[in-house]
Every structure is written in C-alpha cells, then in structure tokens.
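Each chain, written out:
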Amino acid sequence: MVIKAQAIPNKANPTIKQPGSVNSFITPFIRNKKNLFVVATVLFSLFALADMLSVGADAHVDVRPVYNQLSIPDTPLMSFSENGMIGTEQLKTIHHVVKKGETLSGIFTDVGLSQGLLLSIAHFNEDSRLLTKVMPGNTLTFQMNHAGELASLAYQVSEFKTLLIHHDIGQISTEIVTQEQQVHLVSTHGVIDHSVFSAGKKAGLSDKMVMDLANIFSWDIDFVLEIRAGDQFSLIYEKVYKNGEFLTDGRILAASFTNQDRHYEAVLYDDGSGETQYYAPNGRSMKKAFLRAPLNFSYISSNFNPKRLHPVTKRVKAHRGIDYSAPTGTPVYAAGAGKVIRSAYNKYNGHHVFIQHPNGIVTKYLHFTKRAVKQGQRVKQKQTIGYVGATGLATGPHLHYEFIYNGVHRNPRTVDLPKAEPLAKDKMAAFHDYARPILGQLHNINQGLIARIE
Ligand SMILES: [Zn+2]
C-alpha cells in the first residue's frame, strides 16, 4: 500500500488543532475545492459516517469518527453542467476501457467521432495532448449529445488527476481536475480473546493494520509467546478517502497495548529531522536494541491459542533458549544489528546463525530450513537471516533462539537492556505539547470502554 505523500501531511502534528477536544479529531485535508456538488457530497459523507459508526456496534469496538467539517470530494464530471446542457438535453455517456493494441483513432471511430476532431483535440493545447499518452486499462468517458456530437471527454490521467475536454458548438476547452484525498482519523479498541488478528478484525482493523500495530510494540512485547486472553489495545489511525470513497488505511498516530500487567503507549512524531517514528510518552523512541521475538509473527498468530501456552520461563530454564513453534518458512529476523559470526550446518543445530552484537551480546538461531546470511556479514535489526525449519535435532519446525550476555545465557525477556534513545532535550517540550492531547484521546478510548463494561 502506497500513500501519496502529497495527500497526507508529512507531520502528524497538524492533525490536532484543539487539544483535548474530540471534535478536533477528524480533520479532512482538502487541497482544492473545485466543482463542489455539496448536497450529494454531504449525503455521501453522512453515509460514510454511518458506515463507520456501524462498526462500533461490535463488542470491544469503539469507532468514533467526529467531523469538524464535512469532507467535500470533487466530482469531476459536474463541470459538464458548465456547458448548460444538463437539464435541457440528455447526454449519452460512453465509458471506454482502453484495450491493448487499440489506438485513439480507432476508439474515436468506434464511438462515431471523426479523425478531424481527434486531431483538433490532440493539438489543442498542452493539457489536451495528455490524451495521446492514454494506456491500456485507462478509461475514457465520452458524453455525446442527441446528434451524436461530442459534448465532453474525460480521461483519468493518474489516480488523482483527470483531464476534461469540453466540446461545445465546435469550441474546445480543457480542464485538469485534481481528485482529492481526505484523511479521517478514527479510533478503535480491542480485547484479545483468541488471537491478535481476530481481535483486530472485531475492532475493524485489516490484518495489515494489526501488523502495523504489533510492529510498534515489537521491541517490548513478544507477540508469539506473551500474548494472553484479556490483553487490550487502543489506537487512533487514519482512513484515507478519495472522493468520499474509502481508499486505504493510513498511519497509526497513537496506540496503546496492555500485555498481561504491562501497559505500553506510543505516539507517532516527527522530531523535525524528517523521519517520523513512535515515541513512548516519556519521549524515548519505541525502537530498542533488540526485538522481543525475532520472527515474523503473522505466520504464527492466526492459529495459536494463548490460553494453552505454558509459562515461558520454564522452557528457558529447561534448555537455555526459547522455542518458537512456527510453520516451516517463517522468516526469522536478526533480533538486533550486528555481525554474523557463524552461518553453518551441523547435525545438532541444523542450519544455524550466530550474531555478535555490541556490548558483549550474542544471539543464536537454530534449525533453519534455509539460511539467508553469510559468515562475516553485517546485518540490520529485523533483517531476515533465515527461515524456520526442523533441521538438526528438532522434532518439528521451530526456531530455537538463545540470547547470551557476556558469555551467560539470559532470558531476553527479562534481561536488562540499554534503554532507547530519548529525544534531544530541546525537542522534549514540543513533543509533550503534541503528545499530551493525543494521549488524552487514547486514554478516553480506554475509559469509554471501562464505562461501558460497568
Ligand atoms: Zn530449543
């Protein structure tokens, strides 16, 4: 999923205008407002609102879109009304999807228009020349009057740009219409029963959004072994609409996760360096030197039952490592940045990789079906170093993971690791000013839920 940067503000900052006010929360971003067709659009927005609210009827779900201004998408074809034909004359619309091998002159012939007209349009001006760049799969929308003469032609040049060619009594005029994206902020809440994914679904989240949520907390929470029934999450995130229609999910602006008795919160923030990242309320980055679970949990969590898990500490004592049962082929990540000091095969460990990290830390990964790094290679955190398998002494596909600190095996979950970098001191005040209201919103979501349960 790619979101056009131009349509969404670079900083999360401008989205909150009135700290502490729920109404401030939904801020559609509108770049221009041509061709407004207010009545239809307002109705459409209300439908969209009703649609979102209906998600909130589900258990554990709290979706509260509140508009402080209704989004008014552009409706490019409305500019046809400028011809004065609507109402006085019925126009016939032909949508033509360009097929491979078709030519513009062939298409014009097919719809009953002359080559002379095509030539005058193509050479009319720079905008109209865009028509010659038409590609298979593009749609051309012709509107014809009762005499079969062209009234207008619309060509969607790109996702956000449409070329309109008006033709009125032999007169050609052109117009470029820019479709608008609106970003709405919504909030939701989930309580985990079977898995993070099923809770996410109940909360109205796509699997991709669940992964985005989990990734925010992947330095603090082991989403494979530590998730329990009753764990909760809340988030405030973007939904991107184009011309009033849902297009895609955007970014998570703030989220909280309660894992067993530990509560984590994160806020997306741009400290001015151009790179947005998630920070804890104290201004420390959520990114830490080591991931909690060094593998892609999306391969695992969908069918695991947290209620059946044994306490992890027992396993750790039993054989100095943590075993992650996972399907063969599940990508395994470098838990932290470092250098591969071993990438080899033997009959006990199967395909295995050892990584040397700063501060006397070594991590070991055993039983791969396939290794993805070579000895001596530098790896980044979360780089794929191999794939889960059952090579060596293994009864089934799993990752055996060891964390060694100054030569001693440690439980990576409980070992004291260096704290994440905080924001620079001179940036702290601005961060708190930004984070306070959005964290307040997050707390409201949680309190709202508690109030409903009581
Ligand atoms: Zn093991």
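All values reported here derive from a predicted model rather than from experimental measurement. (Residues numbered from 1 in each chain as written. Predicted model: local features only at pLDDT ≥ 70, side-chain atom pairs only at ≥ 80, totals over all residues.)

On a plain count of helices and strands, the chain comes out with eight helices and 19 strands. The proportion of buried residues among the 454 residues of the chain is 35%. When contacts within the chain are restricted to residue pairs at least 6 apart in sequence, long-range pairs at least 24 apart make up 67% of them. (Helix = DSSP H or I, 4+ residues; strand = E, 2+ residues; numbered from the N terminus. Buried ≥ 20, exposed ≤ 12 C-beta atoms within 10 Å, placed from the backbone. Contact = placed C-beta atoms within 7 Å.)

Another aspect to go through is the sheet that holds strand E6 (residues 181-191). What the five strands build is an open sheet, ordered E6-E7-E8-E9-E10; its pairing is antiparallel. This sheet does not close on itself; its edge strands, each paired only once, are E6 and strand E10 (276-279). Between one strand axis and the next, the sheet turns through 25° on average, direction left out of account. Helix-sheet contacts for helix H6 (residues 207-216) involve strand E7 (232-242), strand E8 (245-259), strand E9 (262-270) and E10, and the interaxial angle to E8 is about 35°. (Pairing = 2+ DSSP bridges. Axes fitted to C-alpha atoms, helices over the stretch in contact; angles between N-to-C directions.)

On to the sheet that holds strand E4 (residues 161-168), then. The five strands are arranged E1-E2-E3-E4-E5 in an open sheet whose pairing can be described as antiparallel. At either end of the open sheet lies a strand with only one pairing partner, and these are strand E1 (92-97) and strand E5 (171-178). Strand-to-strand, the axes of this sheet are offset by a mean angle of 15°, without reference to chain direction. As defined by bridge partners, strand E2 (residues 139-144) adjoins strand E3 (residues 150-158) across five bridges and the pair is classed as antiparallel. Across the sheet, the residue bridging to Leu-140 is Tyr-155, located in E3.

Turning our attention to H6. Listed in full, the buried residues belonging to H6 are Val-210, Met-211, Leu-213, Ala-214 and Ile-216. The elements touched by buried residues of H6 are helix H5 (196-202), E7, E8, E9 and E10.

On to the nonpolar core, then. Across soluble globular proteins, nonpolar side chains show a tendency to be buried alongside one another. Ranked by size, the top nonpolar core spans 66 residues in total, and within it Ala-254, Ala-255, Val-267, Leu-295 and Val-332 carry the most contacts. Residue contributions to this core peak at six residues, all from helix H8 (residues 425-453). Shared between two domains, this core holds at least three residues of each, these being domain 1 (1-74 + 179-286 + 424-454) and domain 3 (289-418). When neighbours within four sequence positions are excluded, Ala-254 is seen to be in contact with Leu-235, Ile-236, Ala-266, Val-267, Leu-268, Ile-438, Leu-439 and Leu-442. (Core = buried A, V, L, I, M, F, W, Y, C linked by C-beta atoms within 7 Å. Domains from an automatic or database assignment.)

For the rest of this paragraph, the subject is the pairing of E1. Counting buried residues along E1, only zero of its six residues qualify, which leaves the element largely exposed. Here E1 runs beside E2; their pairing, made up of six bridges, is antiparallel. Among the inter-strand pairings, Thr-93 is bridged to a residue of E2, identified as Gln-143.

Backbone geometry places Lys-382, a non-glycine residue, at a positive phi of 75°. For Lys-382, the location among the structural elements is in the loop between strand E16 (378-379) and strand E17 (384-388). Residue Lys-382 is classed as partly exposed on the basis of its C-beta count, with 18 C-beta atoms lying within 10 Å. A positive phi angle is found at Asn-406, which is not glycine, with a value near 50°.

Turning to the environment of Asn-359, a few remarks are in order. Within the secondary structure, Asn-359 sits in the loop between strand E14 (350-357) and strand E15 (361-371). Since 10 C-beta atoms lie within 10 Å of it, Asn-359 is described here as exposed.

With that settled, consider the environment of Ile-221. The residue Ile-221 is located in the loop between H6 and E7 in this model. For Ile-221 and Ala-293, which are 72 residues apart along the polypeptide, the C-alpha to C-alpha distance reads 7.8 Å. If sequence neighbours within four positions are ignored, Ile-221 has contacts with Glu-226, Phe-257, Asn-259 and Arg-292.

Mean pLDDT for the chain: 78, with 75% of residues reaching 70 or above. Looking over the chain, one finds the lowest element-wise mean pLDDT in helix H1 (residues 38-55), namely 36, and the highest in E16, namely 98. Every residue in residues 302-318 is under pLDDT 50, and counting partners more than four places away or in other chains gives 18 contacts. (pLDDT = per-residue confidence, 0-100.)

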